[in-house]
Amino acid sequence: MYDAEIYRADLLPPDLTILINGQGMQTVNESYRQVVLAAFLSISIAFALVQAGAEPEEPEVILIDENAPSHPFPHFWEKMFGSGRAILTLRESYRRDLRDVKQITGFEYVRFHAIFHDEVGIYDEDANGKPVYNFSYVDQIYDGLLANGVRPFVEISFMPKKLAAHDTLHAFWYKQNVSPPKEYAKWDDLITLFAEHLVDRYGIGEVSQWYFEVWNEPNIDFWAGDPKQPTYWELYDHAARAVKAVNPRLRVGGPATAQAAWADAFIKHCVDHKVPVDFVSSHVYGNDKAEDVFGTSENIPRNQMVCRAVKKVHDQIQASAKPQLPLVWSEFNASYKNEPEVTDTVYMGPWLADTIRQCDGLVDMMSYWTFSDVFEEQGVVKQPFYGGFGLLAEDGIPKPAFAAFELLHHLGDERLAIDSDTALVTRRKDRSLVVAVWNYAPPGGPGVAKTLTLRFKGSRARHASISRVDGEHADAHSMYEKMGAPRYPTHAQIAALRKATQLPAPEDRDLRNGELTLTLPAYGLAVIEVK
């Protein structure tokens, strides 16, 4: 209710003052005064909008024609996830989070750095410089993934200390060595014995379904070869040939670059030098700069950068001598920084849905970086909701992005054409429709609500079930802030946060004359099943 005492009769238009009484507001019945003032405020706002040339916003109408053109819609965005480095996979917290994400997405592959890090213990040398191998932790790492129904997307990295040409340590907390090898014969032997061991342990029928990606982001500070590109080609050539020599059914690829770089040159190199390649991989983040990705001075919005970059590489593959090569986008997210207002909030729902809409048809598989905040690139996690990349915060607390993946998993496997950039219309095998709609706004602002009317044509559907992720649904981050952002939440607080992220039962609505109208708050995502 408005506070009537802050208004004065001399501020009202004359007709309204007379309507109250000739002596001002003091003697008017309080209830009546509140009604009049509320009406006056509404009229004033409407008058101001007219003066400004604005009109009340009509609902956006989205026409959904069940007979519209359609195409297959594989769930490319949820087949693979990234995670913290290899050794972290041995932790129960990592495996718990993996199981939780597997349950809502059914994902098939996980990618992580540093299977060759010294903490994994795979490579050593004796006093005479003879290599000594130990696959104990490697086995525990991959056994744990397979036991939970997920296969490795093997990133071949980084350089064991005693195999490194230089002691070149990366800035990450776990100080991986990014040097080239001191002897390529020993690098070849490491790759060969590693691949042979995996085939011996798991069988070629299993390992042939894995991927072997050579290194991580060699175009930036994850590779100390100089100059970067030709020295990476040398590293890749040796690794790819060694993998294929073990068994030609094993899949190998690269260049795993940051900022959508090198793909065209990489394919040309492999063709010109007859080097094996089974897929192309690259990375980009929503806040990457156009200068770094495209060499332009454009200001590309965060919700367009990822798919603009994917299309760049997709088109390069199509124009190459190997246009059939699959494109695996082995890292993406809305931010490569720790931005709590981005990766921890409901912003991620519309951002993810819009990214799926734009990237459809351009990529074979995308790997969201990451599924869990069991992650230590900047050191030991200091508190939940610090802007980490994961779908689950510390203590296994699901973020809004987790709920967004859960909802979008329900989309069908056939996409129908519509004239809208804020919706996806899909169909399941049982012919029922599943629609995603969202209200995107840049992060950090209040945004505005948006009303949509879905108008169904050629459909016998009568009922809709609506599930949402927004500030009122599955938003643990807001609750955490209201708790005072405790650095070390109590068990009771953790339980409350986990409960807050549980999606409520869908809202059931009847369609009226083949239409459904709903309002989305800023950063709102809704998935609607129509039957």
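Keep in mind that what you see is a predicted model, and the values were worked out from it rather than measured.

With that settled, consider the overall build of the protein. Helix and strand counts for the protein come out as 15 helices and 22 strands. Put simply, the protein has 531 residues, and 55% of those count as buried. Sequence-distant contacts in the protein: of pairs separated by 6 or more residues, those separated by 24 or more amount to 73%. A total of about 23,000 Å² of accessible surface is found on the protein, and carbon and sulfur atoms cover 51% of it.

As a further point, take the environment of Asp126. Of note, Asp126 is situated in the loop between strand E5 (123–125) and strand E6 (131–133). Distance from Asp126 to Lys162, taken between C-alpha atoms, is 9.8 Å for residues 36 residues apart in sequence. Only 2.8 Å separates the side chain of Asp126 from the backbone nitrogen of Lys130, close enough to count as a polar contact.

Bringing the sheet that holds strand E16 (residues 423–427) into the picture now. In space, the seven strands of this open sheet follow the order E2-E15-E16-E17-E22-E19-E20, with antiparallel pairing throughout. Edge positions in the sheet fall to strand E2 (70–72) and strand E20 (507–510), since each has one partner strand and no second. Pairwise comparison of adjacent strand axes, ignoring direction, gives a mean angle of 25° for this sheet. Note that strand E19 (residues 463–469) and E20 share four bridges and pair antiparallel. Along E20, the bridge assignment pairs Ser465 with Asp508. Its contacts with the sheet place helix H13 (residues 400–408) against strand E17 (433–438), E19 and strand E22 (525–530), and it is angled at close to 155° to E19.

Another point: the pattern of salt bridges. Applying the stated criterion across every chain yields a total of 31 salt bridges. Glu155 is paired through a salt bridge with Arg111; the nearest N and O atoms lie 2.9 Å apart. Here Glu155 is found in strand E7 (residues 151–156), whereas its partner Arg111 is found in strand E4 (residues 109–112), with 44 residues between them in sequence. A salt bridge links Glu515 to Arg455; the shortest N-O distance between them is 2.6 Å. With Glu515 in strand E21 (residues 515–520) and Arg455 in strand E18 (residues 450–457), this pair connects stretches of sequence that are 60 residues apart. Since its relative accessible area comes to 26%, Glu515 is described here as partly exposed. By sharing partners, the salt bridges in this structure join Arg85, Arg91, Glu119 and Glu376 into a single network.

This part covers the pairing of E22. E22 sits mainly inside the fold: five of its six residues count as buried. Strand direction decides the pairing type here: E17 and E22, joined by six bridges, are antiparallel. Following the sheet pairing, Leu433 is matched in E22 by Val530.

Pairing is parallel around the closed barrel formed by eight strands, whose spatial order is E3-E4-E7-E8-E9-E10-E11-E12. Across the sheet, the mean angle separating the axes of adjacent strands is 25° when strand polarity is ignored. Lying on the sheet, helix H7 (residues 228–246) is in contact with E7, strand E8 (211–214) and strand E9 (252–257); it crosses E9 at an angle near 155°.

Okay, the packing of aromatic side chains next. A complete count under the given rule lists 40 aromatic pairs for this structure. With a centroid separation of 6.3 Å and an interplanar angle of 15°, the aromatic rings of Phe158 and Phe222 are classed as stacked. With a gap of 64 residues between them, Phe158 in the loop between E7 and helix H5 (184–202) and Phe222 in the loop between E8 and H7 connect regions that are remote in the sequence. Here the aromatic cluster, defined as three or more aromatic residues joined through ring pairs, consists of Phe116, Phe158, Phe172, Tyr174, Trp187, Phe194, Trp215, Phe222 and Trp223. Lying across the ring of Tyr211, Arg251 places its NZ or CZ 3.9 Å from the centre. One cation-aromatic arrangement involves Arg308 over Phe294; the distance from NZ or CZ to the ring centre is 5.1 Å.

Thresholds, definitions, all that
Residues numbered from 1 in each chain as written. Predicted model: local features only at pLDDT ≥ 70, side-chain atom pairs only at ≥ 80, totals over all residues. Heavy atoms only, no water. Helix = DSSP H or I, 4+ residues; strand = E, 2+ residues; numbered from the N terminus. Buried < 20%, exposed > 50% of the residue type's maximum accessible area, 1.4 Å probe, protein only. Contact = heavy atoms within 4.5 Å. Areas by Shrake-Rupley, 256 points an atom, 1.4 Å probe, with all protein chains shown as cover. Polar contact = N/O pair within 3.5 Å; in protein donor to acceptor, adjacent residues only side chain to side chain. Pairing = 2+ DSSP bridges. Axes fitted to C-alpha atoms, helices over the stretch in contact; angles between N-to-C directions. Salt bridge = Lys/Arg side-chain N within 4 Å of Asp/Glu carboxyl O. Phe/Tyr/Trp six-rings, centres within 6.5 Å; stacked < 30°, edge-to-face > 60°. Lys NZ or Arg CZ within 6 Å of the ring centre and 35° of its normal.

Keep in mind that these numbers describe shape and distance, not what the molecule does.
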